[in-house]
Amino acid sequence: MLCVLCLRKVVRAAYDQPMNATLSELLPAADQVIKRMKKRKSPVLVTQNGKPAAYLMDVSTYERFQRRMRILEGIARGEKAIREGRTVSHSAAKKRMKRWLG
């Protein structure tokens, strides 16, 4: 962790949307923290009243996490389909893939 900050305001956000907060809502050192975060390519743990409240990360790290999450969610859906018996034979899968890929 690079630095610990306290947020002045709590902003609610959707599951897959980042929290929006202007620099003026963070402590005055936020600009320096962001520069250090980008340089070290490491998320910053943001605390509120001494307890973890959020992570601050650069855009490329956030996008990488989102891509990984979509892949993991797809794997979980596939594993659930297997448990529920919603599978197809290898030859049927090959035919489907051939239709999808052209």
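Every value quoted in this text rests on a predicted model; they were computed, and no experiment measured them.

Peer 1: How would you summarise the overall build of the chain if you had to cite specific residues and measurements?
Peer 2: A tally of helices and strands in the chain yields 3 helices and 3 strands. Mapped from its N terminus to its C terminus, the chain presents α and β elements in the order β-α-β-β-α-α. Relative to its 102 residues, the chain shows a buried fraction of 16%. Sequence separation of 24 or more characterises 44% of the internal contacts of the chain that already satisfy a separation of 6 or more. Looking at the chain as shown, the accessible area adds up to about 8500 Å², and 57% of this sits on carbon and sulfur atoms.

Peer 1: Talk me through a positive patch on the surface; I want residue IDs and the actual numbers.
Peer 2: Together, K41, R64, R67, R68 and R70 give the surface a local cluster of positive charge. Using a relative accessible area of 47% as the deciding quantity, one classes R68 as partly exposed.

Peer 1: An account of the packing of aromatic side chains is needed here, citing residue identities and associated values.
Peer 2: Applying the stated criterion across every chain, the model contains 0 aromatic pairs. The ring of F65 has R64 lying over it, and the distance from NZ or CZ to the ring centre is 6.0 Å.

Peer 1: Which residues make up helix α2 (residues 59-83), and what values go with them?
Peer 2: Under the 1.5 Å per step criterion, the end-to-end length of α2 is 36 Å for 25 residues, consistent within 8% with the ideal 36 Å. Taken from the residues just after α2, G85 is the one with a positive phi, measuring 80°.

Definitions and limits used
- Within each chain, residue numbers correspond to sequence positions counted from 1 in written order.
- For a predicted model such as this one, the threshold for reporting local features is a pLDDT of at least 70, and the threshold for listing and counting side-chain atom pairs is 80 or more; totals across whole chains, interfaces and linings nevertheless cover every residue.
- Calculated side-chain values reflect all of the structure's heavy atoms, with hydrogen atoms and water omitted.
- A run of H or I in DSSP counts as a helix once it spans at least four residues, and a run of E counts as a strand once it spans at least two, with each numbered from the N terminus.
- For each residue, the accessible area found with a 1.4 Å probe, counting protein chains only, is set against the maximum for its type, and the residue is called buried under 20%, exposed over 50%, and partly exposed in between.
- Note on definitions: a residue-residue contact is assigned when non-hydrogen atoms from the two residues lie within 4.5 Å.
- The accessible surface values rely on the Shrake-Rupley method and a 1.4 Å probe; as for residues, cover is taken only from the protein chains in view.
- Exposure above 30% relative accessible area and the lack of any salt bridge qualify a residue for a patch; like charges then connect within 9 Å, and the nonpolar side chains Val, Leu, Ile, Met, Phe, Trp and Tyr within 5 Å.
- Put simply, a salt bridge is a Lys or Arg side-chain nitrogen that is within 4 Å of an Asp or Glu carboxyl oxygen.
- None of His or the chain ends enter the tally, which takes Lys and Arg as positive and Asp and Glu as negative.
- Lys charges are placed at NZ, Arg charges at CZ, Asp charges at CG and Glu charges at CD.
- Classification of ring pairs rests on two measures: the distance between centres of Phe, Tyr or Trp rings, Trp counted by its six-membered ring, which must be within 6.5 Å, and the angle between planes, read as stacked under 30 degrees, edge-to-face over 60 and tilted in between.
- The rule for a charge over a ring is simple: NZ of Lys or CZ of Arg within 6 Å of the ring centre, and within 35 degrees of the ring normal.
- Multiplying 1.5 Å by the helix residue count minus one yields the expected span of that helix.

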